[in-house]
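Fold and geometry: a report
Residues per chain, in single letters:
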Amino acid sequence: MYQSYLNTITLTAVYQALSATSLIGTYTITASPANAGSVTIKGSNGVDTVIVAGEWHKLENIDLSTISVKGTANDLVTVIGETF
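Cut-offs applied
Residues numbered from 1 in each chain as written. Predicted model: local features only at pLDDT ≥ 70, side-chain atom pairs only at ≥ 80, totals over all residues. Heavy atoms only, no water. Pairing = 2+ DSSP bridges. Helix = DSSP H or I, 4+ residues; strand = E, 2+ residues; numbered from the N terminus. Axes fitted to C-alpha atoms, helices over the stretch in contact; angles between N-to-C directions. Core = buried A, V, L, I, M, F, W, Y, C linked by side-chain atoms within 4.5 Å. Buried < 20%, exposed > 50% of the residue type's maximum accessible area, 1.4 Å probe, protein only. Contact = heavy atoms within 4.5 Å. Salt bridge = Lys/Arg side-chain N within 4 Å of Asp/Glu carboxyl O.

**Let's talk about the sheet that holds strand 6 (residues 56-63)**
Reading across the sheet, the 4 strands line up as 1-8-3-6 and stay open at both edges, with antiparallel pairing between neighbours. The two strands at the open ends of the sheet, each matched to only one other strand, are strand 1 (3-10) and strand 6. Strand-to-strand twist in this sheet, taken as the mean axis angle between neighbours without regard to direction, amounts to 20 degrees. Of the pairings in the sheet, the one linking strand 3 (residues 24-31) to strand 6 comprises 6 bridges and is antiparallel in character. Residue Gly25 lies in a different strand from strand 6, and its bridge partner there is Ile62.

**Here we look at the sheet that holds strand 5 (residues 48-51)**
In spatial order, the strands read 2-7-4-5; together these 4 strands make up an open sheet with antiparallel pairing. Taken across any chain shown, the strands that pair with only one partner, and hence form the sheet edges, are strand 2 (16-17) and strand 5. Pairing analysis gives 4 bridges linking strand 4 (residues 39-42) to strand 7 (residues 68-71), with the strands arranged antiparallel. Across the sheet, Ile41 pairs through a bridge with Val69, a residue of strand 7.

**Details of the nonpolar core**
Formed by 17 residues in total, the largest nonpolar core has its most connected members in Leu18, Tyr27, Val39, Ile41, Leu64, Val69 and Val79. At the level of elements, strand 1, strand 3, strand 4 and strand 8 (76-83) are the ones that each hand at least two residues to this core. Here this core gets 3 residues from one element, more than from any other, and that element is strand 3. Setting aside residues no more than four positions away along its own chain, Leu64 makes contact with Tyr5, Leu18, Ser19, Leu23, Tyr27 and Val79.

**Looking at the environment of Val50**
Along the polypeptide, Val50 turns up in strand 5. A residue is classified by how much of its surface remains accessible, and Val50, at 51% relative accessible area, is exposed. In the structure, Val50 is positioned 48 residues away from Tyr2 in sequence and 30 Å away in space, judged by C-alpha atoms.

**Brief notes about the pattern of salt bridges**
Throughout the structure, instances matching the rule amount to 1 salt bridge. Where Glu60 meets Lys58, a salt bridge forms, and the shortest distance between an N and an O atom there is 3.9 Å. Residue Glu60 shares its accessibility class with Lys58, and that shared class is exposed.

Shape descriptors only; they carry no functional weight alone.
Below, the structure written as C-alpha cells:
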C-alpha cells in the first residue's frame, strides 16, 4: 500500500537525515527558492551533491534515511512523495 509523504526540513550546518526511520519510496527533494544558500545532499555512497535554491530532483526507489542534507541555517528543503 502506498502512503503519501510530505516533510519540510529546516537546514543547519550539520548533516541531518531526511528521515529518522527507513522510508523506501519515490520522492522529489526541493531546495526552497527563497533559500539564502545552496543545499548539500549526501547519499549512502558518501558523495556530496550541491543543489541551488529552487532546484529539485526526483529520486526513485530510495530509502530517505540513507540521505542527509545540510546548508545555510534556517534554509528549507521539502520532500514530497510516496512510500511503498
